[in-house]
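An overview of the molecular structure
The primary structure of each chain is shown beneath.
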Amino acid sequence: MFETNKKVQVFDDEFGNLRTLNFSEIPFSVKRLYWISCVPRYAVRGRHAHKTLEQFFIMLSGSVNLVLKNHKFETTLKLTVDSPIIVLMSGVWRELSEFSSNAVLMVGASEEYDESDYIRDWDEYVNWLEKQ
Ligand code: T46
């Protein structure tokens, strides 16, 4: 469902923080980056799954709650700048909530944007899962 074992190099000191991720750590070719910020506290984002898209999530600032689930499993992760990078496989439902006011989430994706890859309805998602 997801992996958290990717190595980030940390060069934090009294002059600030510098962290690096080599794309060789990521198990897919990165075709797209996007980032989410200025999310109001009441907002819930995501609420969908991807049929094929794989992604990695890096919290650049602040925090957010990330729920990952399917019809049999559910977990909630609180992502902060010190959390491991989350590599998310395809076929997982995700919901993002409780963005802190300074939250900036960067996402790397295995494909360019394609709305037909999204399943945005839970019942449709469960039907799709059962056919896999
Ligand atoms: C995901 C979570 C974490 C584009 O046109 N191109 C893009 O690359 C993206 C990511 C979005 N859009 C458009 C589609 C919608 O009109 O931006 C609008 C907002 O997208 P969406 O409602 O999908 O936003 P989130 O935050 O619910 O979901 C996004 C990603 O779409 C999704 O893959 O896993 O962030």
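Up top you'll find the structure we're talking about.
The paragraphs below set out a description of the structure included in this document. Predicted, not measured: the structure shown is a model, and the values here were computed from it.

About the cut-offs
Residues numbered from 1 in each chain as written. Predicted model: local features only at pLDDT ≥ 70, side-chain atom pairs only at ≥ 80, totals over all residues. Heavy atoms only, no water. Helix = DSSP H or I, 4+ residues; strand = E, 2+ residues; numbered from the N terminus. Buried < 20%, exposed > 50% of the residue type's maximum accessible area, 1.4 Å probe, protein only. Pairing = 2+ DSSP bridges. Arc of directions from axis to C-beta. Contact = heavy atoms within 4.5 Å.

Notes on unusual backbone geometry
You will see that R47, though not glycine, has its phi angle at about 55°, which is positive. One can find R47 in strand β5 (residues 45–50). Among the residues examined, R47 registers a relative accessible area of 46% and is labelled partly exposed. In the Ramachandran plot, E98 falls in the positive-phi region, its phi being about 55° despite a non-glycine side chain. By the secondary structure assignment, E98 is in the loop between β10 (93–97) and β11 (104–109).

Section: the pairing of strand β7 (residues 64–69)
Counted residue by residue, β7 has six buried out of six residues, so it is predominantly covered. Because side chains alternate across β7, one face comprises the buried residues V64, L66 and L68, and the other comprises N65, V67 and K69, equally buried. Inspection of the sheet shows β7 paired to strand β8 (residues 74–79) by six bridges, in the antiparallel sense. Along β8, the bridge assignment pairs L68 with T75. Here β7 hands over to β8 after four residues, the two strands then running antiparallel side by side.

Comments concerning helix α1 (residues 122–130)
For α1, the full list of buried residues reads Y125, V126, W128 and L129. Seen end-on, α1 carries its buried residues on one side only, within an arc spanning 160°. In α1, those exposed residues whose orientation departs by more than 90 degrees from the buried face are D123 and E130. Among the structural elements, β5, β7, β10 and β12 (118–119) are those in contact with the buried residues of α1.

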